[in-house]
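Chain by chain, the residues:
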Amino acid sequence: MHLKIATALATTLAISTPVFAQDVVVGVPNWPSVTVTANVIKQVVETNMGLKVELQTGTNPVIFEAMDKGSMHIHPEVWLPNQQGLVDQFAAKIELSGKSTSAVQGICVNKAAVDAGIADISDLTDPTKAALLDSDGNGKGEVFIGATGWASTTVEKAKAHGYGYDQVVDLVELDEGVAYSQLDTAIAGAKPWAGFCYKPHHLFTVHPEMVFLTEPAYDAAKWKALTPEEDPEYLANSSVTMAWPPAFIQPVFAKDVEATAPQVASLMRNMDITADDLGAFSYSVVIDGKDAAGVASEWIAANPDRVAAWLK
């Protein structure tokens, strides 16, 4: 199906289908690729369906709660199992897209850290090795565990507690842009650095030297990642001293979308954003300094057949 045909069909559907009282609201969390994915959704819907799409920033919990209440309709990039608790909590009101892309996450280090003997997660419990990660002069190393509000940050805090390296290093929560700027500085000065990383992400294109620390293999029977909301003693009662389970990224949307704008629900089920796409989105925004909306426009123009398939 050509894009022009798909556009005409989608526009016809939009004319004959009830729309949201407030059109479509897409939640936008705080990582680079999702800003582009959200804009891709916005532009495809507005161009092809005659609906007005609003982008609203928010943390993962805020977006899920808003989808539950009907004030938001789409989360463009849900990480599983990171947000599994939110998916389960709001299962009655949301639907997972039928398509996903695989992902990897964990604590990674630069070449200087590997050269200094920091290659396994257990190395972070060694005070001598951990001290090599000190960048603020207080005598303790720092490990970036993610941004505040990320589900993965809570898990990494529990993992650090379980492994015991939270007693040896300072666990740092930062905006990832600030954290990876610190990584750039460390690499330029040949200084060891350790912190949370995930793929797909431009980081591994810019710094191909980055490697994940080795950890015990994931064991589904033993993995128990609690949240502060579930258990105030989540640090002590979690059991996550192992590598992350296989991860997946996919859109989630409010079930009410099916009744109010079924063409939008169909679009969300058909979207097939890949790991390569997400890595390129991140690179374009962070490294090339491009506007997310412009990156989305360029991607749509370069991928008419894929967009047409979403609109079938």
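Here, the structure is the one placed above.
(A) Region of interest: the packing of helix 2 (residues 32–49) against helix 14 (residues 292–302). Direction vectors running N to C along helix 2 and helix 14 enclose 60°, while the axes themselves pass 8 Å from each other. As the angle between them shows, helix 2 and helix 14 are arranged oblique. When the axes of helix 2 and helix 14 are compared, the crossing they make is right-handed. Between helix 2 and helix 14, the residues in contact are T35, V36, N39, V40, Q43 and V44 and A292, A293, V295, A296, S297, W299 and I300, respectively. Of the residues assigned to the contact of helix 2 with helix 14, the class counts are nine nonpolar, four polar and no charged.

(B) Quick peek at the layout of surface pockets. Counted as a void, the largest pocket has a volume near 770 Å³. Only helix 3 (60–69), helix 4 (84–89) and helix 7 (151–163) provide two or more residues apiece to the lining of the largest pocket. Looking at the lining of the largest pocket residue by residue, the classes come out as 15 nonpolar, eleven polar and six charged. Quantified by volume, the second largest pocket comes out at close to 320 Å³. Every residue lining the second largest pocket is counted, 17 residues in all, and those nearest its centre are L133, S135, E142, Q182 and W193. Put simply, the parts of the chain that give the lining of the second largest pocket at least two residues each are strand 6 (142–146) and helix 8 (176–188). Here the lining of the second largest pocket is composed, by residue class, of ten nonpolar, three polar and four charged.

So, how was this worked out
- Residues numbered from 1 in each chain as written.
- Predicted model: local features only at pLDDT ≥ 70, side-chain atom pairs only at ≥ 80, totals over all residues.
- Heavy atoms only, no water.
- Axes fitted to C-alpha atoms, helices over the stretch in contact; angles between N-to-C directions.
- Helix = DSSP H or I, 4+ residues; strand = E, 2+ residues; numbered from the N terminus.
- Parallel < 35°, antiparallel > 145°, perpendicular 65-115°, else oblique.
- Left-handed = near helix turned anticlockwise from the far one by under 90°.
- Contact = heavy atoms within 4.5 Å.
- Nonpolar A, V, L, I, M, F, W, Y, C, P; charged D, E, K, R; others polar.
- 1 Å grid on protein atoms, 1.4 Å probe; cavity = no way out; pocket = protein on both sides within 12 Å on 5 of 7 lines; lining within 4 Å.
- Points joined across faces, edges and corners; volume = space filled by probe spheres on them.

So far we have only geometry, and geometry alone does not tell us how the molecule works.
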